[in-house]
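Coordinates in review
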Amino acid sequence: MKKERYLMWLFFLVLGAVTMKAQQYQLKGVVHDEVGEAVIGATVIVEGTTNGTSTDVDGQFTLNVKNGDNLIVSYVGYITQTIKINGQKEITVNLKPDDQLLDEVVVVGYGAVQRKNFTGSVSTVKVSDSPLSIMPTSNAMDALRGTVTGITVGQQTGAGQSPSMLVRGQKSVNGGSSPLLVVDGVIFQGALRDIDPSVIESMSVLKDATSLAAYGSQAANGVIMITTKKGTEGKPLVSLSTSWAWSEAAAKPDLLSPADYIRKNNILSGLDENADPTWMSKFEYENYKKGQTTDWFDYSTRTGLMQNYALSISGATSKVNYFLSGSYTNQKGVIKGDDYERFVMNSRITGDVTDWLQIGGQMMYSHNNYSGASVYDLYQTTRLSPYGQPTRVNGEVNKYPVNEGGYRLNPLWSVLSNTIDDHDIYNTTTLKGHILLKCPWLRGLTFRMNGSFSLENIERDYFTHEGYYVREMSGVAIEDAESYYTDAAVSGYLASANGYTSRTKNKSYVWDNILNYNGQFGEHFVDVTAVYTRDSYEYFYKGYSGSDFSALGNTNLGYNGLNLAATQKISNPGYTKHTDVGYLGRLNYNYDQRYHLSVSVRRDGSSVFGAKKKWGTFPAVGLAWTVSNEKFWEPVAEYVNNLKIKASWGKNGNQSLSPYQTLSKITLGQQGGLPYAFGNTDNVSWGQRITAMGNQLLGWETTQSWNFGFEAGAFNNRVVLELDAYKSKTTDQIFWRSIPVMINGLTGMYATMGRVDNWGIEVNLNTINIESKDLTWTSNLNFYLNRNKLKELYGDGKDDISNGLFLNKSLGAIYGYKNIGIVQETDTEYIEANGAQPGDVMFADTDGDGKITSEDRTILGYSKENFRMGFGNTVTWKGFTLYAMFTGVFGGRGYGMASNLYAYRTLSDVNMDNNLNHGWWTPENKSDKYPRINYTDGRYNPLQNYSFVRLADLSLAYTFSQPWVKKMHINNIKVFLSAKNLFTISSWDGGDPEIRQTIGSGYSYGYPLARTYSVGLNLTF
């Protein structure tokens, strides 16, 4: 009985303990910062639940908890703490500052440095797991547009195409402006299309001299450092992501209505504007009578579709790190026929063989397919008659919708006629590896050897069948036109059929040897790096062409039958080799985390320069002072917790020459064009001829730059402000210089001369506006202004008007006659002095002589923008994340201008064409904006401001965290909706203002910007 009583008491004790453990009780607490001040608005939440609260104005909180709970306490700028609940009734939490922002590692050339010790200017975008990672794109550089100051990223002009990029303004008149790409610490010599956006962890843009110094001769145009993903410790992760994106043309040209089209051409034909359009071709007139019109822009465009699929497997242990991925992209652009396909595989593995030896390797393979007839310019869609006929009676494409003419072609003739065979393939394989040795007896001393080899094979086959050249006669009725497309008629063009095939191979390697030592000695930190590097690039080309298949009688084999052509030609085999060698010495030093110094010298040699200018030396110095680490700053540290002032100076180079450009060139054999017959025979001997004069003094284009700035963090980095101001001077630019006529008629040669100065301001502001239990709102505002000025040209102190180059003016100057309105009947003095008539454009008499002459020309404006801005916001609420990015390009003060002739002028050089929708001057409607309908003065160059503000990116994502997700053994599920280029606010006429799209005077319109809507899913197991 006593035993049973004991068992009963034991049961109740256990039951009570279990009940007590499961029973919730009220916990009180207070949260303090590092100096004992109350933390207001700190988030306190029970781990794995939605049970949470925020601290009040005294830093206090009350929360229901139970034993065994883990309490998570967090606040922006401080290290998150986890507290185990074990019966406490009251707790005090002391948060410590989170120096993660300061301790962030900045990837620089041949190494990395903590941001708090960095003296240069760099902007970093964390792509992985940010809203940028879910925006649909086929190009990695899209993530930099609007998010980074100091860099201009252009729009893609076709499926799978690469955008243009410009860092800190145009420094060279004739040289290249593309920045250097470095992937995982090694110079990348491939194409942007080979980089899979889904494997990018982060990207950094190096901009000032100390940041760029490591790459010396190749760094004057900036450097973009790309870091790819790697594994994380723990169980292997399998990640799957997919997205579907539908696109449409974001801007459509506003053309004349069919009725206004008839009015315009009636008047130009000498008829009453409401007369019957007897000038129409038979095709047109039939459609006019039927009231049948064609919107040629809609006819040529479509709803594009881009599909992205990516799969990766990654993981890591204490000794091995691996990442494997594969992705597939299929993109159909907004213009019919513009198709692109890409497949990319990446693998990366690193292993610590011993404590002092690490070996790593990477492999990347990309397959890019642009095959198929395509169109990248929609000029025809803006000019063709709305009454033209796109198809024949049988429904097949009609080549000449109006009548035969060079600029009357159906815009999709090459795409829909099945008369063009196009094979366009790019295959690239890149192999990379490294060996890292850590000196066992001297801590901090390492030696790393990087190696990279890349091979790109380009297959290009193109054939134009005889059917492409079919001709029609004007005046033929639509029902009779089929006779010109019969097999018998088409065979008459076999002599015009032609094609070519080519094979290009680009082979390159990079070899880096990096010796580094870093150590802490009390309050002194030293980081010393020595580098020896080599890289080489080889280009191979071979191809042949064939034309005239009339003897064969058909072109069924296309480019596979070029050997059967009557005329066959082997293209000149091409081969070039470019080799560089470089040495770098760099010292980074800081004292007590307050005073920072970076000194480097890079010595470069390149095979492309003249014999006497092979080598260049590029020094750099950077200084920084972390003011916030000084004792005198302590009274204000709770408000401004970080302040660093920095300055740098240095030189960088630009390899703006092609291989062998410094050498004299001769032609041999028949290409020399110098035949001579010796004696009385038919045998001809061919001479040789000098075609280019070499210059052994051609050397480095050098940019010397200064950078000044500061970084400030306030309220525990809730507000972070960065400002950089810079000035640069680029000298020894490459120009074609006229020389006295020499033997063989040579009149010029390349020489180094000229100077372009740049200066600019970059501002980047990051704020955490709200941070609470469920809601977080962060913002980024950036501002970028750049100015350049041509200081020296050919050494004679004169402007080069024909090429638009003016001393002490900005590059991109637009020169001509200033338009001040339209001549009216009352402007008799102007009419008499200049032989003008009412409705003409009135030009400014800048020299005051009463007449308009060439002396009245002046600079009308600059094609360069005034400044750029970006404004991004990220709002997270529970599992939702909303992201919006606005970008803007702004003009003013003469900047941001571009020619837009047909936004004002009506008559073009093609009869009976369409035009942008605007009126014209008439005696009854005396416009002061648009000239008379038949005005064609070549001096007229109207400018428009292309400023705009655009909602560039918008996305909404939801991450599931419910218990059922874990039960399904899924780590993460994210679904998202996104859109790009949703709307644009601009006064520009004709198309998209960013690419200044309009009807050009050179028979061009360009590729429309795409507006994209997408849905997607990310899964991690």
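An unreviewed UniProt entry annotates the chain as TonB-dependent receptor of Lepagella muris.

This next bit is on the overall build of the chain. When you go through the chain residue by residue, the secondary structure sums to 11 helices and 49 strands. The dimensions of the chain, computed from C-alpha atoms along their principal axes, are 125 × 70 × 70 Å. If you sum the accessible surface of the chain, you get close to 47200 Å²; carbon and sulfur atoms cover 55% of it. Between the mean site of the 92 positive side-chain charges and the mean site of the 97 negative ones, the chain shows a separation of 7 Å.

Once that is clear, we can look at the sheet that holds strand β3 (residues 52–54). Two pairing modes exist for strands in a sheet, parallel and antiparallel, and in both the strands are linked by backbone hydrogen bonds. Taking strand neighbours across the sheet as the criterion, the 4 strands line up as β3-β2-β5-β6 in an open arrangement whose pairing is antiparallel. Looking at which strands have only one partner, the edges of the open sheet turn out to be β3 and β6 (81–84). Going across the sheet, the axis of each strand differs from the next one's by a mean of 20°, ignoring polarity. Examined bridge by bridge, strand β2 (residues 43–46) and β3 share 3 bridges and lie antiparallel to one another. In the sheet register, Thr43 faces β3, and the bridge partner there is Ser54.

Another point: the pattern of salt bridges. A side chain with one charge may pair with a side chain of the opposite charge, provided their charged atoms come close. Under the definition given, this model contains 37 salt bridges. Two residues, Arg460 and Asp422, come together in a salt bridge whose shortest N-O distance is 2.4 Å. With Arg460 in strand β23 (residues 445–464) and Asp422 in strand β22 (residues 420–438), this pair connects stretches of sequence that are 38 residues apart. Exposure remark for Arg460: the relative accessible area of 21% places this residue in the partly exposed category. A residue is classified by how much of its surface remains accessible, and Asp422, at 14% relative accessible area, is buried. Note that Glu792 and Arg755 form a salt bridge whose closest N and O atoms lie 4.0 Å from each other. Residue Glu792 is located in strand β38 (residues 775–792), and its partner Arg755 is located in strand β37 (residues 748–771); the two are separated by 37 residues in the primary sequence. Judged by relative accessible area, Arg755 falls into the partly exposed class, the value being 21%. Shared partners join several salt bridges into a network, and the residues in it are Lys644, Lys646, Glu711 and Asp724.

Turning next to the environment of Ile91. Within the element layout of this structure, Ile91 appears in strand β7 (residues 90–94). Taking the C-alpha atoms as reference, Ile91 lies 10.0 Å from Gln60; in sequence the two are 31 residues apart. Leave out the neighbours within four places in its chain, and Ile91 touches Leu27, Lys28, Gly29, Val30, Phe61, Leu71 and Ile83.

We now examine the sheet that holds strand β4 (residues 60–65). Sheet architecture is open: 3 strands sit in the order β4-β1-β7, paired in mixed fashion. A single partner strand is all that each edge strand has here, and the edge strands are β4 and β7. Taken over all neighbouring pairs, the strand axes of this sheet differ in orientation by 30° on average, direction set aside. Bridge analysis of strand β1 (residues 25–32) against β4 gives 6 bridges, and the strand direction is antiparallel. Across the sheet, Leu27 pairs through a bridge with Leu63, a residue of β4.

Turning our eyes to something else, we now look at unusual backbone geometry. For Asp184, which is not glycine, the phi dihedral falls at a positive 55°. Among the secondary structure elements, Asp184 is positioned in the loop between β13 (180–183) and β14 (186–187). Positive phi values are uncommon outside glycine, yet Gln593 reaches one of about 55°. Gln593 sits in the partly exposed class, given a relative accessible area of 26%.

For the rest of this paragraph, the subject is the side chain of Asn873. With respect to the helices, strands and loops of the structure, Asn873 is situated in strand β43 (residues 867–877). The class for Asn873 is buried, based on a relative accessible area of 13%. Among residues more than four places away in sequence, those in contact with Asn873 are Trp777, Thr778, Ser779, Leu882, Tyr883 and Ala884.

With that settled, the discussion passes to the side chain of Lys171. By the secondary structure assignment, Lys171 is in the loop between β12 (165–167) and β13. Here Lys171 is buried and forms no salt bridge, its nearest opposite-charge partner Glu701 lying at an N-O distance of 8.7 Å. At 2.7 Å, the side chain of Lys171 and the backbone oxygen of Val167 are in polar contact. Beyond its immediate chain neighbours, meaning those up to four positions away, Lys171 contacts Ala220, Asn221, Thr703, Thr730, Gln733, Val756 and Asn758.

What follows is about a positive patch on the surface. On the surface, a cluster of positive charge is contributed by Lys727, Lys789, Lys791 and Lys809. When you line up the elements, Lys727 lands in strand β36 (residues 719–738). For Lys727, a relative accessible area of 48% corresponds to the partly exposed category.

A few words on helix α5 (residues 282–290). When α5 is considered as a whole, its buried residues turn out to be Phe283, Glu284, Glu286 and Asn287. End-on, the buried residues of α5 take up no more than an arc of 165°, which puts them together on one face. Gly291, located one to two residues past α5, shows a positive phi value of around 70°.

Our focus in this paragraph is the environment of His434. Residue position: His434 is located in strand β22. In sequence terms His434 and Leu943 are 509 residues apart; their C-alpha atoms lie 54 Å from each other. Look past the residues within four positions of His434 in its chain and what remains in contact with it is Thr350, Gln358, Ile359, Gly360, Arg448, Met449 and Asn450. A distance of 3.4 Å separates polar atoms of two side chains, one belonging to His434 and the other to Arg448.

Taken as a whole, this structure holds 31 aromatic pairs when the rule is applied. Ring centres of Tyr288 and Tyr387 lie 5.6 Å apart, and the angle between their planes is 85°; this geometry places the pair in the edge-to-face category. Within this pair, whereas Tyr288 is found in helix α5, its partner Tyr387 is found in the loop between α7 (379–383) and α8 (413–416), the two being separated by 99 residues in sequence. Overall, Tyr288 belongs to the partly exposed group, its relative accessible area being 26%. Of the residues examined, Tyr387 reaches a relative accessible area of 8% and is grouped as buried. Geometrically, the ring pair formed by Phe783 and Phe867 is tilted, given 5.3 Å between the ring centres and 40° between the ring planes. Placement of Phe783 in strand β38 and of Phe867 in strand β43 is noted, with a sequence separation of 84 residues between them. Judged by relative accessible area, Phe783 falls into the partly exposed class, the value being 22%. Three or more aromatic residues link up through ring pairs in this structure, and these residues are Trp877, Phe880, Tyr958, Phe960 and Trp964.

This brings us to the nonpolar core. The biggest cluster of nonpolar side chains holds 39 residues, and the ones touching the most others in it are Ile335, Tyr830, Val841, Phe843, Tyr940, Ile999 and Tyr1005. Secondary-structure elements contributing two or more residues to this core are α6 (296–300), α8 and β41 (841–843). Excluding its chain neighbours within four sequence positions, the residues that come into contact with Ile999 are Leu255, Tyr379, Thr382, Arg383, Tyr902, Asn915, Leu916, Ser1004 and Tyr1005. Counting 27 residues, the second largest nonpolar core, distinct from the first, contains Val125, Val148, Phe188 and Ile195.

Examined bridge by bridge, strand β17 (residues 234–249) and strand β49 (residues 1010–1020) share 11 bridges and lie antiparallel to one another. In the strand pairing of β49, Ala249 is matched with Ala1010. Here strand β48 (residues 972–986) runs beside β49; their pairing, made up of 9 bridges, is antiparallel. Looking at the pairing, Lys974 lines up with Asn1018 of β49.

Reading the values: the criteria
- Residues numbered from 1 in each chain as written.
- Predicted model: local features only at pLDDT ≥ 70, side-chain atom pairs only at ≥ 80, totals over all residues.
- Heavy atoms only, no water.
- Helix = DSSP H or I, 4+ residues; strand = E, 2+ residues; numbered from the N terminus.
- Areas by Shrake-Rupley, 256 points an atom, 1.4 Å probe, with all protein chains shown as cover.
- Lys, Arg positive; Asp, Glu negative; His and termini not counted.
- Charge placed at Lys NZ, Arg CZ, Asp CG, Glu CD.
- Pairing = 2+ DSSP bridges.
- Axes fitted to C-alpha atoms, helices over the stretch in contact; angles between N-to-C directions.
- Salt bridge = Lys/Arg side-chain N within 4 Å of Asp/Glu carboxyl O.
- Buried < 20%, exposed > 50% of the residue type's maximum accessible area, 1.4 Å probe, protein only.
- Contact = heavy atoms within 4.5 Å.
- Polar contact = N/O pair within 3.5 Å; in protein donor to acceptor, adjacent residues only side chain to side chain.
- Patch = residues over 30% accessible without salt bridge, like charges linked within 9 Å, V, L, I, M, F, W, Y side chains within 5 Å.
- Arc of directions from axis to C-beta.
- Phe/Tyr/Trp six-rings, centres within 6.5 Å; stacked < 30°, edge-to-face > 60°.
- Core = buried A, V, L, I, M, F, W, Y, C linked by side-chain atoms within 4.5 Å.

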